[in-house]
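As a plain string of letters, each chain reads:
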Amino acid sequence: MTETAAPKRDKPWLIRTYSGHSSAAASNALYRSNLAKGQTGLSVAFDLPTQTGYDADHPLAKGEVGKVGVPVCSIADMETLFADIPLDKMNTSMTINATAPWLLALYVAVAQKQGVDVSKLQGTVQNDIVKEYLSRGTYIFPPSPSLRLTNDLIAYTLTEIPKWNPTNICSYHLQEAGATPVQEIAFALSTAIAVLDSATEGGPVPKSALPLMVGRLSFFVNAGIRFIEECCKMRAFGEMWTRICRDRYGVTDEKLTRFRYGVQVNSLGLTESQAENNVQRIVLEMLGVALSKNARARAIQLPAWNEALGLPRPWDQQWSLRIQQVMALETDLLEYGDIFDGSHVIQAKVDALIAGAEAEMARIADHGGIVRAVENGYVKRALVKSHAERMAAIERGDIKIVGVNCFTETAPSPLTQGVDGGFMKVDPKAETEQIARLNAFRQTRDDAAVAEAREKLRAAAAEGGSIMEASLTCAHAGVTTGEWAETLRAVFGEYRAPTGVDQILASPTSDLLVRLREQIRSTGDALGRPLRVLIGKPGLDGHSNGAEQIAVRARDVGYEVIYEGIRLTPRAIAQTALEEGVHLIGLSVLSGSHLELVAQVRQELAALGIDNVPIVVGGIIPDDDAALIQSQGIAAVYTPKDADLNRIMAGMLDVVRTANGLEPYAVAA
């Protein structure tokens, strides 16, 4: 009897876990543990001060240090972060944008101190500043100088680190901000065109190097629960990218034009309610980027089941790691060719997505390209509109979310019954300890060398020199993250992106909505003027999707809304509340810094003598923390399980009425 030869298996994708928290030492221990468990690449999450160019002791960093990633203030932190991890044998992805040249410079400097040949380094910096203006919010400088920083990094890596991906065009956060598959494709590919054009047309990359640049450009996408549609999206992405490379740039080498992408599956769809359901969501979402061989991701990182509750623990991250390993090693997924080739159903959907994306890209071109469409607010308004339509569909029940708007009855989950509530909290001492390390590092520096390096950076920024070369000098001299960004802020200035909420969108018609509009109007009449609410995002949290939806719906139901975008100081929020005479303040915090930031806002209101203005808070807030801040005077807390925006509007109205001596309507009860 003849034995059947075992089928040849494809090599698995890079298996990553997006992680970092508290301190460089704690994150290093987590990385080494995950690598020992079979992770094959690193994906570094930086905290918000690091992403937005502030040192840990800056006033805007208060409460934010180590919360959503690792704080890196200097080369000393970067050395600790990668201690005992040989960088010449590692593939490292760094999710960093506005400060990407700086973090890459620190990484290169550490490699040099390890004695590593820098040309052998492999990995990725996201370095996609365009999407930061639209969704994630960690931009610093205006679009033009920001693209220059992007281009300088690209030019440096093409000659010095040829195996590095210098730009990772990121549509992930666009989907989180509400983008449809068509919008995700169109906005991402329009951004890729803008980057290629700006780098080679008067930029630092010679046109002769354009094919090499095309070959090093990579993408980072999102994969939602509609995994057939997501699979078609990836096939459409690939077809369109090949056409753009061939027809627009004349690059035909298939090795260079391949659509190379990494993925983190959708976090927008992870629920706080019945959070255990997130496990099957994550598995299904992964299928969308793994099933089609010709459109399969090159690297995958999965969120943990409990990310809608708080920071995942090491065990939670291990669970997500094991999901990938089971898929790659136990199934027969990697033994076959593309199972969708020849499917009329799949190709029809791919063709429809391509047609829609090409039409959207034409509209963006009519605006003058993606950068101009960001500056004039077109893209942001489109995302806010799409997200509002999705929220309305959830409220109508057209989109079913198990445990949220259907099948809500549940037994208590044993996964969340432990003393930690099913997730990890960053020790508050992490911030003070990081500040102490920062101050100790400053004492060891040669101040003259620091000043000289910063002057070299300033001159490069002002006179068109290489930002990367100057940043590398700064890294070795001991310049800090805040000092690097401060030097460039003095040359380039700062920027505030359009909010996209300057529109009225149709909300789902309901009896509650009709009553709300009348009740808000009549309450304003009773108080002598229309009801005015301030929606504020204190601190460095740039995830503005929730705040934008609240602002749009509040305006729709009849409130006068003040919303000034992201990254506001508590003092600025309090001052605006005083000047605008608001009836209610709504604070949005998704970075885990709610306790500190809410306390700061209340202190500033008291200092201005308006601490009688009621406050409601929204965000990823554990039940214990919600109870605590409510006991301290916060009127209401809303979390991701509160999916009915009209009920939130009604709750806000009752808060206003109660604060002003009127009987609440209790329609949201």
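Residues numbered from 1 in each chain as written. Predicted model: local features only at pLDDT ≥ 70, side-chain atom pairs only at ≥ 80, totals over all residues. Heavy atoms only, no water.

**Topic: the packing of helix H11 (residues 278-287) against helix H12 (residues 314-329)**
Defined as follows: Only C-alpha atoms enter the line fits that serve as axes; for helices the fit covers just the stretch in contact. Angles between N-to-C directions range over 0 to 180 degrees. Working definition: helices are DSSP H or I runs of at least four residues, strands are E runs of at least two. Numbering for both runs from the N terminus. For classification, angles of less than 35 degrees are called roughly parallel, those exceeding 145 degrees roughly antiparallel, those between 65 and 115 degrees roughly perpendicular, and all remaining angles oblique. Left-handed describes a crossing whose near helix is turned anticlockwise from the far helix through less than a right angle; right-handed describes the clockwise counterpart. Here, two residues are considered to be in contact whenever any of their heavy atoms come within 4.5 Å of each other.
The interhelical angle for the contact between H11 and H12, taken along N-to-C directions, is 40 degrees, at an axis separation of 11 Å. Between H11 and H12, the crossing angle belongs to the class labelled oblique. Both H11 and H12 take part in a crossing whose hand is right-handed. Of the residues in H12, those in contact with Val279, Ile282, Val283, Met286 and Leu287 of H11 are Trp319, Ile323, Gln324 and Met327.

**Side note on the nonpolar core**
Here is the rule: By nonpolar core we mean a set of buried residues, namely Ala, Val, Leu, Ile, Met, Phe, Trp, Tyr and Cys, connected to one another through side-chain atoms within 4.5 Å. Burial here depends on accessible area, computed with a 1.4 Å probe over protein chains only, as a share of the maximum for the residue type. Under 20% is buried, over 50% is exposed, and the range in between is partly exposed. Domain ranges listed in this record stem from an automatic or a database domain assignment.
Counting residues in hydrophobic clusters, the biggest one holds 179 residues, and the most contacted among them are Met78, Met94, Leu121, Trp241 and Tyr559. When we break this core down by domain, the ones giving at least three residues each are domain 1 (14-376 + 411-416) and domain 2 (511-659). The contact partners of Met94, leaving out residues within four places of it in the chain, are Val44, Phe46, Met78, Leu103, Leu104, Tyr107, Thr124, Val125, Gln126 and Trp164.

**Side note on the environment of Pro538**
Relative to the helices and strands, Pro538 is located in the loop between strand E11 (532-536) and helix H21 (545-557). Classification of Pro538 as buried rests on a relative accessible area of 0%. Along the primary structure Pro538 and Leu597 are separated by 59 residues, whereas in three dimensions their C-alpha atoms are 6.6 Å apart. Every residue in contact with Pro538, bar those within four places of it in the chain, is listed here: Glu64, Leu568, Ile573, Leu587, Ser588, Val589, Leu597 and Val601.

**Considerations on the domain arrangement of the protein chain**
Counted only if it meets this: Summed over both partners, the accessible surface that disappears when two parts come together, traced with a 1.4 Å probe, is what is meant by buried area. By definition here, a salt bridge exists when the distance from a side-chain nitrogen of Lys or Arg to a carboxyl oxygen of Asp or Glu is within 4 Å. The term polar contact refers here to a pair of N or O atoms within 3.5 Å; inside protein, the definition further demands a hydrogen-donor-capable atom paired with an acceptor-capable atom, and it admits residues adjacent in sequence only when both atoms are side-chain atoms.
Looking at the protein chain, the domain boundaries give domain 1 (14-376 + 411-416) and domain 2 (511-659). The gap between the C-alpha centroids of domain 1 and domain 2 is 33 Å. Between domain 1 and domain 2, the contact holds 26 residues from the first and 23 residues from the second. For domain 1, the biggest contributors to the area lost against domain 2 are Leu60, Glu64 and Glu272; these three give 29% of the whole. Our enumeration of links across domain 1 and domain 2 arrives at 2 salt bridges. The partner of Glu272 in a salt bridge is Lys641, with the nearest N and O atoms 3.9 Å apart. Our enumeration of links across domain 1 and domain 2 arrives at 10 residue pairs in polar contact (both at pLDDT 80 or more). For the side of domain 1 that touches domain 2, the elements supplying multiple residues, two or more each, are helix H2 (48-52) and helix H6 (172-176).

**Quick look at the pairing of strand E9 (residues 261-265)**
The following threshold applies: A pair of strands is treated as paired once DSSP finds two or more bridges between them.
Here E9 lies mainly inside the structure; 5 of its 5 residues are buried. Burial along E9 is two-sided: Tyr261, Val263 and Val265 and Gly262 and Gln264, pointing in opposite directions, are all buried. Bridge count for strand E8 (residues 218-223) against E9 is 5 bridges, and the pairing is parallel. Residue Phe220 lies in a different strand from E9, and its bridge partner there is Gly262. Here 3 bridges tie E9 to strand E10 (residues 299-301), and the two strands are oriented parallel to one another. Bridging across to E10, Val263 finds its partner in Ile300.

**Brief notes about the packing of helix H5 (residues 143-160) against helix H7 (residues 181-200)**
To characterise two packed helices, one gives the angle between the axes of the helices and the distance between these axes. Counted only if it meets this: Charged means Asp, Glu, Lys or Arg here, nonpolar means Ala, Val, Leu, Ile, Met, Phe, Trp, Tyr, Cys or Pro, and polar covers whatever is left, Gly included.
For the pair H5 and H7, interaxial distance at closest approach is 10 Å and the crossing angle is 75 degrees. Classified by the angle their axes make, H5 and H7 are roughly perpendicular. Listed contacts from H7 to Leu147, Thr150, Asn151 and Ile154 of H5 are Val195, Ser198 and Ala199. Split by residue class, the contact of H5 with H7 holds 4 nonpolar, 3 polar and no charged.

**Thoughts on the sheet that holds E8**
A sheet is described by the order of its strands in space; here 5 strands give the open sequence E1-E10-E9-E8-E7, paired in parallel fashion. Edge strands, defined here as strands with exactly one partner in the open sheet, are strand E1 (14-16) and strand E7 (168-170). With strand direction ignored, the average angle separating the axes of adjacent strands in the sheet is 25 degrees. Where helix H9 (residues 227-248) meets the sheet, its contacts fall on E8 and E9, and the angle it forms with E8 comes to roughly 160 degrees.

**As for the pattern of salt bridges**
Summed over all chains, the structure comprises 43 salt bridges. With a shortest N-O distance of 3.5 Å, Arg136 and Glu132 are connected by a salt bridge. Owing to a relative accessible area of 4%, Arg136 belongs among the buried residues under this scheme. Note that Arg458 and Glu455 form a salt bridge whose closest N and O atoms lie 2.8 Å from each other. Of the two residues, Arg458 and Glu455 both sit in helix H17 (residues 447-463), 3 residues apart, roughly one turn of that helix. Arg458 sits in the partly exposed class, given a relative accessible area of 32%. Through salt bridges with shared partners, a single ionic network connects Asp10, Lys293 and Arg296.

**As for helix H4 (residues 100-114)**
Definition in use: Helices are assigned an expected span. That span is 1.5 Å times one less than the residue count.
Between its terminal C-alpha atoms H4 stretches 21 Å, which fits the 21 Å expected from 15 residues at 1.5 Å a residue. Buried residues dominate H4, accounting for 12 of its 15 residues.

**Points about H21**
Three or four residues apart is the spacing at which side chains of an α-helix point the same way, because the helix has 3.6 residues per turn. Spanning 13 residues, H21 covers 19 Å between terminal C-alpha atoms, matching the ideal 18 Å at 1.5 Å per step. Extensive coverage of H21 is indicated by the burial of 11 of its 13 residues. Here H21 has its buried residues at Asn545, Ala547, Glu548, Gln549, Ile550, Ala551, Val552, Arg553, Ala554, Asp556 and Val557. Immediately downstream of H21, the backbone of Gly558 shows phi near 120 degrees, a positive value.

**As for the sheet that holds strand E6 (residues 164-165)**
Read across the sheet, 5 strands follow the order E2-E3-E4-E5-E6 without closing on themselves; strand pairing throughout is parallel. On the outer flanks of this sheet lie strand E2 (18-19) and E6, each paired with one strand and no other. With 2 bridges connecting them, strand E5 (residues 122-125) and E6 associate as parallel partners. Residue pairing across strands places Thr124 opposite Asn165, the latter belonging to E6. Together, E2 and strand E3 (42-45) form the strand contacts of helix H1 (residues 24-36), whose direction differs from that of E3 by roughly 155 degrees.

**Examining the state of the cysteines**
The test is simple: In this description, the term disulfide denotes a pair of cysteine sulfurs within 2.5 Å.
Overall, the coordinates contain 0 disulfides when judged by the stated rule. In this structure Cys231 is not part of a disulfide, and its nearest cysteine sulfur, from Cys232, lies 5.7 Å away.

**Some words on the environment of Asp197**
If you trace the backbone, Asp197 turns up in helix H7. A relative accessible area of 14% places Asp197 in the buried class. Each C-alpha atom, one on Asp197 and one on Leu210, is 9.6 Å from the other, the two residues being 13 residues apart in sequence. Setting aside anything within four residues of it in sequence, one finds Asp197 in contact with Arg248 and Tyr249.

**Comments concerning the packing of aromatic side chains**
Rules: Any Phe, Tyr or Trp ring, taking Trp's six-membered ring, that has another such ring centre within 6.5 Å forms a pair; planes under 30 degrees apart are called stacked, those over 60 apart edge-to-face, and the others tilted.
For the coordinates displayed, the defined rule picks out 15 aromatic pairs. Relative to Trp319, the ring of Trp315 has its centre 5.3 Å away and its plane inclined at 55 degrees; by these criteria the two rings are tilted. You can see Trp315 and its partner Trp319 sitting in helix H12, 4 residues apart, about one turn around the helix. Looking at Trp315, the relative accessible area reads 47%, which means it is partly exposed. For Trp319, a relative accessible area of 26% corresponds to the partly exposed category.

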